Amino acid sequence: MFNFLSLTSMESEFAILEGILHYFHRVITQPPMGFITITRKALLQPYPKWSQLAEPLNNVQILLNGRIEDHDGALQADFANAHIGGGVLRGGCAQEEIRFGIVSPEAIVSMLIIDGSMHDNEAVIIEGTEKFATYNGYGRSVKWDHEVIDQSPRREDGSFQTRIVAIDSIMFPGESQYLPEMLERDLHKAYCGFSSSFPGDNAPVATGGWGCGV
C-alpha cells in the first residue's frame, strides 16, 4: 500500500509530491479532455541482423536546448525501469520519475495497468498525456518549478498527441555495456519501442541520452 510518507524525507521527493498535488488541483478545477491509451507492446518478429545492415542512417538532428517532452510530434523516450514508473512513488527522482511525477502525472496510471516487469522484447507506449508542470535540476537536486499550460497538438477527440515510449536499458557496471550481447540487447529494446508502433508514421524520436536513469 502506498502513502505520501514515502515522498517527504528529502527535498527532491517533495518536488514529486508537489507535482502530483498540483495535478490533482488542476484536474479538479479544469477537467481534462480526451483519452489516455496505454499499450504493452511485444515484438515477436525476427530482429534485424545489425552487423549485416547496409542501409544508411536517417538524418539526425542534435539540439543543444530543450527537453524530451518539449518535442511535440516526436516519440518521446522514457528512461524506464523494467517495472514501469520506477521509484516515482518511492522517492526516486531520475528521468522517468520526473516525467511521471512532475511533468505528466497521468502516466502514473500505467503502473496500475502494466503487470510485472517488461521483458527484453517489450516496450510500453503511453499516448495522450498532458504536460502540467516543469522542473529545475535532476536527481536529488530536482525542484518543481512552475505550472505549464500544454499547447501540444490534439486529436479530434481532444486527446493530446503526446507519445511516451517506455524502454528500459540495463544499468551496466564498468565497460561491460560494450560487450556485443549487451549492445544487441539495448538495440533490440530500442527497436521494439521505436518501430512499427504507428504504421505509416515517420515521426522523429526524441531520446536525449537514453540509458539507465540511475
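*Asks:* What is the right way to look at the nonpolar core in this model?
*Replies:* The tendency in soluble globular proteins is for nonpolar side chains to be buried side by side. In terms of nonpolar packing, the biggest core is built from 26 residues, with F100, I102, V124 and V142 touching the most fellow members. When contributions to this core are tallied by element, the ones reaching two or more residues are α1 (11-29), α2 (95-103), β3 (122-127), β4 (133-136) and β6 (163-167). Look past the residues within four positions of I102 in its chain and what remains in contact with it is A15, I16, G19, E97, A133, T134, Y135, V142 and W144. With nine residues, the next largest nonpolar core counts I167, A190, C192 and A203 among its residues.

*Asks:* Please explain the environment of M33 as it appears in this structure.
*Replies:* For M33, the position within the fold is in the loop between α1 and β1 (37-42). By relative accessible area, M33 is classed as exposed at 53%. Placed 127 residues apart in sequence, M33 and F160 show a C-alpha to C-alpha distance of 8.5 Å. Setting aside residues no more than four positions away along its own chain, M33 makes contact with R154 and G158.

*Asks:* What is the right way to read the environment of Q161 from this model?
*Replies:* Among the secondary structure elements, Q161 is positioned in the loop between β5 (143-147) and β6. Separated by 130 residues in the primary sequence, Q161 and P31 place their C-alpha atoms 18 Å from one another. For Q161, the contacting residues outside a window of four places in its chain are P153, R154 and R155.

So, how was this worked out
- Per chain, the residues get numbers from 1 upward, laid out in the order the sequence is written.
- Only residues with pLDDT of at least 70 are given local features in this predicted model, and only at 80 or more are side-chain atom pairs given and counted; all residues enter the totals for whole chains, interfaces and linings.
- Based on all heavy atoms of the structure, the side-chain values leave hydrogens and waters out of the count.
- By nonpolar core is meant a set of buried Ala, Val, Leu, Ile, Met, Phe, Trp, Tyr and Cys residues that side-chain atoms within 4.5 Å join together.
- Relative accessible area decides the class of each residue, using a 1.4 Å probe on protein chains only: under 20% of the type maximum gives buried, over 50% gives exposed, and in between gives partly exposed.
- Under the DSSP-based scheme used, a helix requires at least four consecutive residues in state H or I and a strand at least two consecutive residues in state E, with every element numbered from the N terminus.
- The contact rule is simple, with two residues in contact once any of their heavy atoms fall within 4.5 Å.

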